Amino acid sequence: MANQLKYNQILDAFQELLKNQKLQAISVSEIAHTAGIGKGSIYYYFPSKDAILDALVERNYEKPLQTAKELADQTEISPFTRMAMIFQACRNSSSEFLKSENHTGPGTQEKSFLHQKYINHIITELKPVLAAIIRQGIQAGEIRFEDPEALAEIVLIILTVKMDNTLIPSSKEEIENTIGALISLLEKGTENPPGSLNFLKSQFR
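Residues numbered from 1 in each chain as written. Predicted model: local features only at pLDDT ≥ 70, side-chain atom pairs only at ≥ 80, totals over all residues. Heavy atoms only, no water.

Draft legend 1. Representation of unusual backbone geometry within the structure. Unusually for a residue other than glycine, Glu191 sits at a positive phi of about 60°. Residue placement: Glu191 occurs in the segment after α9 (172-189). For Glu191, a relative accessible area of 54% gives the class exposed. (Helix = DSSP H or I, 4+ residues; strand = E, 2+ residues; numbered from the N terminus. Buried < 20%, exposed > 50% of the residue type's maximum accessible area, 1.4 Å probe, protein only.)

Draft legend 2. View of the packing of aromatic side chains. According to the stated counting rule, one finds four aromatic pairs in the structure shown. With a centroid separation of 5.5 Å and an interplanar angle of 65°, the aromatic rings of Tyr61 and Tyr118 are classed as edge-to-face. Linking Tyr61 in the loop between α4 (49-60) and α5 (62-72) with Tyr118 in helix α7 (residues 108-139), this pair joins segments that are 57 residues apart in sequence. Tyr118 matches Tyr61 in its accessibility class, with the two residues each being buried. (Phe/Tyr/Trp six-rings, centres within 6.5 Å; stacked < 30°, edge-to-face > 60°.)

Draft legend 3. Here's a closer look at the pattern of salt bridges. Counted according to the given criterion, the structure contains six salt bridges. For Asp12, the salt bridge is made with Arg59, and the minimal N-O distance between the two is 2.8 Å. Taken together, the residues Asp12 in helix α1 (residues 2-18) and Arg59 in helix α4 connect sequence positions 47 residues apart. We note a salt bridge from Glu191 to Arg144, for which the minimum N-O separation is 3.8 Å. Of this pair, Glu191 sits in the segment after α9 while Arg144 sits in the loop between α7 and α8 (148-164), placing them 47 residues apart in sequence. (Salt bridge = Lys/Arg side-chain N within 4 Å of Asp/Glu carboxyl O.)

Shown next as structure tokens:
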């Protein structure tokens, strides 16, 4: 318990520092000072500052990823409903991360780097889970598609970029148009009736 407490103190300190400073300007000594622990203790838990950042990304998406893994086993729920629930959970986590930033924090280029870290993590972790759900839908005859992994990756890339809305900033109307087009392609590609997946739009309003 004590070890986990210090581990989280380090992550909390780093996240707090990121609100007002550029990533490159934050030193391990400063993280230790903000966490209220010795610098040597940092290296007991993390080999580098990059490792702390990776752990922070992982922690911030821990809940939605756990939700996704639990939903993968709930085959009594339709695959597209489970996908919508996963997207909503991830959107909530993205919103919390974005809310924590302010105008005095990192510059645009650095924010893009941080967002890329988040997007890479969530796509990497969610792809096998989403592919498993799609595969279950194929086996149940609810989805007709030959490559679950490719479909999962396509959907995740589009949705995470739109959920984040910093790599390619878009207006609300542009996001709605993109999501509408994706849903239309999903309906055609999985041989679902037109309009049958429109409920997915509610996850992005």
